[in-house]
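Residues per chain are reported as follows:
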Amino acid sequence: MARVLAIDIGGTKLAAALVDETGSMLRSATRPTPRTDVMVALAALIEEVTGDGPAPEAVGIGCAGPLDLAAGTVSPVNMPSWRGFPLREEVRALTGLPTMLAGDAQCMALGEHWLGAGRGSSALLGIVVSTGIGGGLVIDGVPLLGPNGNAGHVGHMTIDPYGERCECGGRGCVEHYSSGPNLARWALANGWTPGRPDGLDGPADARSNAADAPGGTASAQNGAADARALARDAAGGDPVAVAAFERGARALAGMIASTAAAVELTKVVIGGGVSAAGPVLFDPLARALDDVAGLAFVRAVKVEPTTLGVRAGLAGAAKLAWSQSRTAV
Ligand SMILES: [Zn+2]
């Protein structure tokens, strides 16, 4: 049976899978991203997944950015040992296979379009709301990557030109309002005390589709001042926590409406750890979108949570590989 090799590279985790034409994962494995010698770990992971079975036809890689698709190089923010690293050529040389590269959020969007909540959408925006905010566009079934692979950087769209300075150097970026750490930062500055309300000790695992912890930390314990704790408190009615999500959702709504106006989006799929907050994010997001969106085609955009969760990136990387294989799906 024909298969491709999908690889998903992030600052905390390396994942690889063999994927068939229907999107089924035949074999998969993960391991932590080491501080150094990442390529050695990746080679071992590829060997583990491909083993002695039939060779895959092609390789697709989703990698944390920034990246330079023209050069095939990556410089992930959270992986200091890779700066201008020639990932595409290294994997091509290692496997001897056609190798495709894209950003991790671009692969998330492509995966959701192929197998998840974005199926059938002619103009899809996938958003990853986590420690930062990433995004990817799939237009007419094709990922819009941009000349250097930077299309879809919706986290750094300005939603307030008079707003605060963002870590990227810009001003008023949506990430500065809506990422996990920024939700928690604003809540703390406005008097949020984590875990203060009673009766909020529901199972932390209920929101565990997030390998990428929403607050930039894996802690879900009571008292942790991260976005997961904030979501728990918002669900319990803590007014500051609720306000933090409403503020973050409003910023997201501005970005979504602007992107919808630019490319006539029909659907938005939101993943990443913060999306696991569920209704405390999606309910105020729907209200804010109803308020900020005007034109009928902008108002018509559908916003849904991810259905693939952390597997979306691998699914997209596989689709990328299939697009290069002889038996394209
Ligand atoms: Zn920014």
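This text follows the structure it describes.
Reading guide: rules and limits
Residues numbered from 1 in each chain as written. Predicted model: local features only at pLDDT ≥ 70, side-chain atom pairs only at ≥ 80, totals over all residues. Heavy atoms only, no water. Helix = DSSP H or I, 4+ residues; strand = E, 2+ residues; numbered from the N terminus. Buried < 20%, exposed > 50% of the residue type's maximum accessible area, 1.4 Å probe, protein only. Contact = heavy atoms within 4.5 Å. Donors = N, O, S within 2.8 Å, 3.2 Å for Na, K, Ca; no water. Tetrahedral: all angles 85-135°; square planar, octahedral: opposite > 155°, others 65-115°. Salt bridge = Lys/Arg side-chain N within 4 Å of Asp/Glu carboxyl O. Core = buried A, V, L, I, M, F, W, Y, C linked by side-chain atoms within 4.5 Å.

**Q** Just to check I follow, could you spell out the environment of Leu-289 for this structure?
**A** Position of Leu-289 among the secondary structure elements: in helix 8 (residues 279-292). Since its relative accessible area comes to 9%, Leu-289 is described here as buried. Separated by 35 residues in the primary sequence, Leu-289 and Gly-254 have C-alpha atoms spaced 7.3 Å apart. Leu-289 has contacts with Ala-253, Ile-256, Ala-257, Val-301 and Val-303, leaving out every residue within four places of it along the chain.

**Q** Honestly, the coordination of the zinc ion in this entry has me stumped. Any pointers?
**A** Tetrahedral coordination by four donors sets the ideal angle at the metal to 109.5 degrees; octahedral coordination by six donors sets it to 90 or 180 degrees. The zinc ion binds to the protein through His-156 (ND1), Cys-166 (SG), Cys-168 (SG) and Cys-173 (SG); the donor distances cover 2.0 to 2.3 Å. Viewed at the metal, the 4 donor atoms of the zinc ion are separated by angles of 105 to 119 degrees, and the geometry they form is tetrahedral. The class of His-156 is partly exposed, set by a relative accessible area of 28%.

**Q** Could you clarify how one ought to interpret the pattern of salt bridges in this entry?
**A** Where charged atoms from two side chains of opposite charge come close, those side chains can pair. All chains considered together, the criterion is met by 7 salt bridges. For the salt bridge of Lys-267 with Glu-304, the shortest nitrogen-to-oxygen distance reads 3.4 Å. With Lys-267 in strand 11 (residues 267-271) and Glu-304 in strand 12 (residues 302-305), this pair connects stretches of sequence that are 37 residues apart. Its relative accessible area of 16% is what places Lys-267 among the buried residues. A relative accessible area of 28% means that Glu-304 is categorised as partly exposed.

**Q** Honestly, the nonpolar core in this entry has me stumped. Any pointers?
**A** In summary, soluble globular proteins display a tendency toward joint burial of nonpolar side chains. Judged by nonpolar contacts, the single largest core of 56 residues is most densely connected at Ile-7, Ile-9, Leu-42, Ile-61, Trp-82 and Leu-87. Sequence-distant contacts of Leu-42, that is, excluding residues within four places in its chain, are made with Ile-7, Ile-9, Leu-14, Leu-87 and Val-91. Ile-133, Trp-192, Leu-265 and Phe-282 belong to the second-largest nonpolar core, a separate cluster that totals 44 residues.

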